[in-house]
Amino acid sequence: MGSFSIWHWLIVLAVVLVLFGGGGKISRLMGDFGKGLKNFKKSVKEDEGDGAESNKEIDSEAPTKAEAPEVEKDKAANG
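As the structure is a prediction and not an experimental result, all values here were calculated from the model. (Residues numbered from 1 in each chain as written. Predicted model: local features only at pLDDT ≥ 70, side-chain atom pairs only at ≥ 80, totals over all residues. Heavy atoms only, no water.)

## Thoughts on the overall build of the chain
The line we're drawing: Runs of H or I in DSSP of at least four residues are treated as helices and runs of E of at least two as strands, each being numbered from the N terminus. Buried, partly exposed and exposed residues are distinguished by accessible area as a fraction of the type maximum, computed with a 1.4 Å probe on protein chains only: under 20%, between the cut-offs, and over 50%, respectively. Here, Shrake-Rupley sampling with a 1.4 Å probe gives the accessible areas, and only protein chains in the shown set may cover a residue.
Looking only at helices and strands, the chain features three helices and zero strands. Counted from the first residue to the last, the chain has its helices and strands arranged as α-α-α. Here the chain holds 79 residues, and the buried ones make up 1% of them. A total accessible area of about 7,500 Å² is found for the chain, and carbon and sulfur atoms account for 63% of it.

## Examining helix α1 (residues 6-20)
What counts, and what does not: Multiply 1.5 Å by the residue count of a helix minus one, and that product is the helix's expected span.
The first and last C-alpha atoms of α1 sit 21 Å apart over 15 residues, in line with the 21 Å expected at 1.5 Å per residue. Immediately beyond the C-terminal end of α1, within one or two residues, lies Gly21, with a positive phi of roughly 80 degrees.

## Focus on the confidence of the model for the chain
The predicted coordinates of low-pLDDT regions are not to be read in fine detail. Basically, it comes down to this: Looking at any residue, its pLDDT shows the predictor's confidence there, from 0 to 100.
Residues at a pLDDT of 70 or more form 59% of the chain, whose mean pLDDT is 75. Confidence, expressed as mean pLDDT per element, reaches its minimum in the chain at helix α3 (residues 68-78) with 59 and its maximum at α1 with 85.

## Points about a negative patch on the surface
Applicable threshold: For patch detection, residues must exceed 30% relative accessible area and be free of salt bridges, and they are connected within 9 Å for like charges or within 5 Å for nonpolar side chains (Val, Leu, Ile, Met, Phe, Trp, Tyr). Any Lys or Arg side-chain nitrogen found within 4 Å of a carboxyl oxygen on Asp or Glu counts as a salt bridge. Positive: Lys, Arg. Negative: Asp, Glu. His and the chain ends are not part of the count. By convention, charge coordinates are those of NZ in Lys, CZ in Arg, CG in Asp, or CD in Glu.
A cluster of acidic residues, Glu46, Asp47, Glu48 and Asp50, forms a negative patch on the protein surface. With respect to the helices and strands, Glu46 occurs in helix α2 (residues 25-61). A relative accessible area of 45% places Glu46 in the partly exposed class.

Structure follows, in structure tokens:
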């Protein structure tokens, strides 16, 4: 009783076929999953490439040492 018999597996298979409709629907579902995973990996690679460029932009927007005292004075004046 601890393990599944062949009849249990046949019933499970029948339920799966009824739920997913059979006829290649499972293979289409897995194909769509694969396409989604491929697009996800592609976007992650693009984001990593953009991340290096955006770090350069952030560094260029940071105040220089000459501008830093002015920023501190503005913060002190505003409260």
